[in-house]
Amino acid sequence: LSAIVLSFPLPSSIPLMRSLNALPPLDHPECTLDITTLEPLFACPELAELHVTSFLLRPDDAFVRRLAAACPRLQSLRLVPPYHAGRLSEVTLDGLLPLLHHCPDLTELSLPINASLPFSLAFGEFCESSLALLDVGDSPIAAPDEVAAFLSGCCTHPALTIRSAGAHDGSAKPEHVR
């Protein structure tokens, strides 16, 4: 097994949800896709692509650390909501480090990051990163200069592209739907 793609809700239903201003089921812990729900994926060390698009996804730093250790051959990782629904990510900038250290072939990463929380300016052991695309969606940033220094220190690919949502993404524009 080298690729897994999951999408909840189905991409075809997202425009209808948005037109009805439907709120996603954010307050249903029994439906959460977290580390315990997705743990069977950790038995796939050859996994190269993991794409999960869901409001129910709740990754945090511990989830990312376990995933990075269990799936070192990841090349593309996408853990995103279908569109912004007002929930802040629980993944911090420090949460990126295990992916960069344990997944040397990772070239594409789509993961909202809460860069408004404190993070370490010490990167630890230097490693070269293959990461060429970092899509942070609508991630909040508290200290842009420090965030830039952090990313410059640990994302070493010379052609690194950082993609973020624009100011009006998430309104009714179909290009923001993931």
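Here, the structure is the one placed above.
Note that the structure is predicted; figures quoted are calculated from it, not measured.

(A) Structural view of the pairing of strand β3 (residues 76-80). In terms of residue burial, β3 counts as a mostly covered element, since four of its five residues are buried. Taken together, the five bridges between strand β2 (residues 49-54) and β3 define a ladder with parallel strand orientation. Counterpart to L50 in the pairing with β3 is L77. Note on the crossover from β2 through helix α2 (residues 61-70) to β3: the handedness is right-handed.

(B) Inspection of the nonpolar core at higher detail. L50, L67, L74, L77, L79, L93 and L109 are the most contacted members of the largest nonpolar core, which has 41 residues in total. Elements supplying a minimum of two residues to this core: β2, α2, β3, α3 (97-102), β5 (133-137) and α4 (144-154). Considering every element that reaches this core, the biggest residue donor is α2, with five residues. Setting aside anything within four residues of it in sequence, one finds L109 in contact with L77, L96, L99, L131, L133, L134 and D135.

(C) The packing of aromatic side chains, seen in detail. Here the structure, examined in full by the defined rule, presents two aromatic pairs. Measuring from ring centre to ring centre gives 5.4 Å for F119 and F150, while their planes differ by 75 degrees; the resulting arrangement is edge-to-face. Residue F119 is located in the loop between β4 (108-110) and β5, and its partner F150 is located in helix α4; the two are separated by 31 residues in the primary sequence.

(D) Inspection of α2 at higher detail. When we look at burial in α2, the residues that qualify are D61, F63, V64, L67, A68 and A70. Its buried side turned inward, α2 meets β2, β3 and α3. Residue D60 occupies the N-cap position of α2, its side-chain oxygen lying 3.2 Å from the main-chain nitrogen of A62.

(E) Region of interest: the side chain of D61. Considering the arrangement of structural elements, one finds D61 in helix α2. Lacking a salt bridge, the buried D61 has R65 as its closest oppositely charged neighbour, with an N-O distance of 5.8 Å. Non-local contacts of D61, meaning those with residues more than four positions away in its chain, are made with E90, V91, T92 and G95.

Parameters and conventions
Residues numbered from 1 in each chain as written. Predicted model: local features only at pLDDT ≥ 70, side-chain atom pairs only at ≥ 80, totals over all residues. Heavy atoms only, no water. Buried < 20%, exposed > 50% of the residue type's maximum accessible area, 1.4 Å probe, protein only. Helix = DSSP H or I, 4+ residues; strand = E, 2+ residues; numbered from the N terminus. Pairing = 2+ DSSP bridges. Right-handed = clockwise from strand over helix to strand, strands pointing away. Core = buried A, V, L, I, M, F, W, Y, C linked by side-chain atoms within 4.5 Å. Contact = heavy atoms within 4.5 Å. Phe/Tyr/Trp six-rings, centres within 6.5 Å; stacked < 30°, edge-to-face > 60°. Polar contact = N/O pair within 3.5 Å; in protein donor to acceptor, adjacent residues only side chain to side chain. Lys, Arg positive; Asp, Glu negative; His and termini not counted. Salt bridge = Lys/Arg side-chain N within 4 Å of Asp/Glu carboxyl O.

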